[in-house]
Amino acid sequence: MSLKITVIGTGYLGATHAAAMAELGFEVLGLDVVPEKIAMLERGETPMYEPGLEELLRKHVAGFEGSTGRLRFTTDWAEVGAFGDVHFVCVNTPQRHGEYAADMSYVDSAISSLAPHLHGPALVVGKSTVPVGSADRLAVYLAEHAPAGGDAELAWNPEFLREGFAVQDTLHPDRIVAGVRSERAEKLLREVYATPIGEGTPFVVTDFPTAELVKTAANSFLATKISFINAMAEVCEAGGGDVAKLAEAIGHDDRIGAKFLRAGIGFGGGCLPKDIRAFMARAGELGADQALTFLREIDSINMRRRGQMVEMTREALGGGSFLGKRVAVLGATFKPDSDDVRDSPALNVAGQIHLQGGQVTVYDPKGMDNARRVFPTLGYADSASQAVRGADVVLHLTEWREFRELDPAALGEVAAARVILDGRNALDPELWRRAGWTYRAMGRPTA
Ligand code: UDX
């Protein structure tokens, strides 16, 4: 008999995981406590923009013509408890308001809502990013509150997907990490992943704390790489070097690697910033805060880049006040191929200039609705060329392909001044310079 799978929480992680499990041939039941989300998913729509996800949903959501019907959704915990052999907990752990620590309330409430409905053997698999020690605590709770007692077991299986590549990363992960306490739990997880997902993929079996830490350690390392290259950009700015060349050269060393060395306005989004902060907070609680003081510096280098972009813009406008200056901002999301503006460096820079009196007009291929909601007082345009019309300076702050494919000559016709500042080091400097633009990028010499 094939395993039946439930997925609790249908945000980024959960919606993708549910669709991917159905793609692998499992019968899947997804649960969310927000009925509107369930209604959307049942229509084959996602609350966020993620390439390929709606197609995958429609391929499997029951009720679609030609769909496999393997994927259904509900808001009913009893139905979930009765249906699943394996329950994946995919809820969010945002930064707590006014604190660095992670907000565990969604995870805690998922486990406490599910537990009373586990009457027979079941494996509850946490995928959320949680502070080390959470799984130990949740396992005790589960054993005490599930009618099945010790037969309702916990495992921890962190997820490493990136926004914009969520489907691809879920179906083709770099590794699978299984935090387990029994052979049975390991066997069940291996069975779930004994599908194309698991073929040739390293399967790392570990205890709970290590599984939890793998995720926060990986994100801390990635954040460190970005802030490292941004620190080098600062030194290049002071000493006249070219950070893009420097990154290229050090990246040829296999031990360093070329990825995640793109200097610019730094990292944002719903994961890296909050994860390194929650990690520091948890280390503090454990009395190991000294081990992670370097992450404070990583955070501070990262946040500084935004202010430096604002100052670079001021300088490009001749110094002084932004009052009366027209600034076009290309990009609002924290990264391309996503509509996510959470902790977006692009929107932060746009907002700072606006709050200092600049007339800011933003355009983003997918993030306009979210940006308008978060920052309604900024100006918004329907296209890049509309945003650039009459601008004294253009800021490239999210590296969408659409922006790399812009025609600098045509844009030069509508801009008030041909000055572009590349906050992502992603445009071709020569292309813009040939069209008469002054092109400047962070950490690179002005040609
Ligand atoms: C990240 C991790 O990559 C993923 O494994 C984890 O599961 C969740 O967090 P994500 O938040 O989707 O994924 O974005 P990511 O692609 O890691 O980029 C994060 C930020 O870093 C973006 O704002 C991006 O623009 C920035 N970045 C990335 C750089 O500034 N320079 C780089 O070289 C790479």
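Because the structure is predicted, anything quoted here is derived from the model rather than measured.

## As for the overall build of the chain
Point 1. A count of helical and extended segments in the chain gives 18 helices and 14 strands.
Point 2. Expected size for 447 residues packed as a compact globule is a radius of gyration near 22 Å; at 24 Å, the chain falls within 12% of this value.
Point 3. Across its three principal axes, the chain shows a C-alpha extent of roughly 70 × 55 × 40 Å.
Point 4. When the 447 residues of the chain are sorted by exposure, 49% land in the buried category.

## Quick notes on the UniProt feature "domain: UDP-glucose/GDP-mannose dehydrogenase C-terminal" (unreviewed entry) in the chain
Point 1. Taking the UniProt record as the reference, the feature "domain: UDP-glucose/GDP-mannose dehydrogenase C-terminal" (unreviewed entry) is found at residues 328-429.
Point 2. The annotated region residues 328-429 carries 34% helix and 18% strand content, and the separation between its end C-alpha atoms amounts to 18 Å.

## Brief notes about the packing of helix H9 (residues 208-239) against helix H12 (residues 293-316)
Point 1. Interhelical geometry of H9 versus H12 gives an angle of 55° and a closest axis separation of 9 Å. With respect to each other, H9 and H12 are oriented oblique. In this structure, H9 crosses over H12, and the sense of that crossing is left-handed. Touching Ser 220, Ala 223, Thr 224, Ser 227, Asn 230 and Ala 231 of H9 are Leu 295, Ile 298, Ile 301, Asn 302 and Arg 305, all from H12.
Point 2. Its residues assigned to classes, the contact of H9 with H12 shows five nonpolar, five polar and one charged.

## A short note on the nonpolar core
Point 1. Among the nonpolar cores identified, the biggest contains 127 residues, and Ile 8, Val 89, Val 329, Leu 330 and Leu 395 are the most heavily contacted of them.
Point 2. A per-element tally of this core places helix H1 (residues 12-23) first, with eight residues.

## Quick look at the site of the ligand
Point 1. Around the ligand, the structure places 19 residues, and the nearest of them are Glu 163, Arg 262, Phe 267, Gly 269 and Cys 271.
Point 2. Grouping the constituent residues of the shell around the ligand by class yields ten nonpolar, five polar and four charged.

## Some thoughts on the sheet that holds strand E9 (residues 326-330)
Point 1. With respect to topology, six strands assemble into an open sheet ordered E11-E10-E9-E12-E13-E14, the strand pairing being parallel. Each edge of the open sheet carries a strand with a single partner, namely strand E11 (379-380) and strand E14 (438-441).
Point 2. Docked against the sheet, H12 engages E9, strand E12 (393-396), strand E13 (419-422) and E14, running at close to 165° with respect to E13.
Point 3. Packing of helix H13 (residues 345-355) onto the sheet brings it into contact with E9, strand E10 (359-363) and E12, and relative to E10 it is tilted by some 160°.

## Considerations on the pairing of strand E6 (residues 152-156)
Point 1. Counted residue by residue, E6 has five buried out of five residues, so it is predominantly covered.
Point 2. Of the two faces of E6, the one carrying Ala 152, Leu 154 and Trp 156 and the one carrying Glu 153 and Ala 155 are both buried.
Point 3. Sheet analysis places strand E5 (residues 122-126) next to E6, joined by five bridges and oriented parallel. Bridging across to E6, Val 124 finds its partner in Leu 154.

## Some remarks on the confidence of the model for the chain
Point 1. When pLDDT is averaged along the chain, the result is 96, and 100% of the positions lie at 70 or above.
Point 2. Here the complex is predicted with pTM 0.96, and the ipTM for its interfaces comes to 0.98.

## Considering the UniProt feature "binding site: NAD(+)" (unreviewed entry) in the chain
Point 1. In this structure's numbering, the residues bearing the UniProt feature "binding site: NAD(+)" (unreviewed entry) are Asp 32, Lys 37, Thr 93, Thr 129, Glu 163, Lys 274 and Arg 342. The largest pairwise C-alpha distance within this set of annotated residues, which runs over 311 residues, is 24.1 Å, so the set is dispersed in three dimensions.
Point 2. For Thr 129, the location among the structural elements is in the loop between E5 and helix H6 (134-145).
Point 3. Non-local contacts of Thr 129, meaning those with residues more than four positions away in its chain, are made with Thr 93, Pro 158, Lys 215, Thr 216 and Asp 275.

Rules used in this analysis
Residues numbered from 1 in each chain as written. Predicted model: local features only at pLDDT ≥ 70, side-chain atom pairs only at ≥ 80, totals over all residues. Helix = DSSP H or I, 4+ residues; strand = E, 2+ residues; numbered from the N terminus. Rg over C-alpha atoms; globule rule 2.2 N^0.38 Å. Buried ≥ 20, exposed ≤ 12 C-beta atoms within 10 Å, placed from the backbone. UniProt positions renumbered as here; feature names shortened; annotations may be inferred. Axes fitted to C-alpha atoms, helices over the stretch in contact; angles between N-to-C directions. Parallel < 35°, antiparallel > 145°, perpendicular 65-115°, else oblique. Left-handed = near helix turned anticlockwise from the far one by under 90°. Contact = placed C-beta atoms within 7 Å. Nonpolar A, V, L, I, M, F, W, Y, C, P; charged D, E, K, R; others polar. Core = buried A, V, L, I, M, F, W, Y, C linked by C-beta atoms within 7 Å. Near = placed C-beta within 6 Å. Pairing = 2+ DSSP bridges. pLDDT = per-residue confidence, 0-100.

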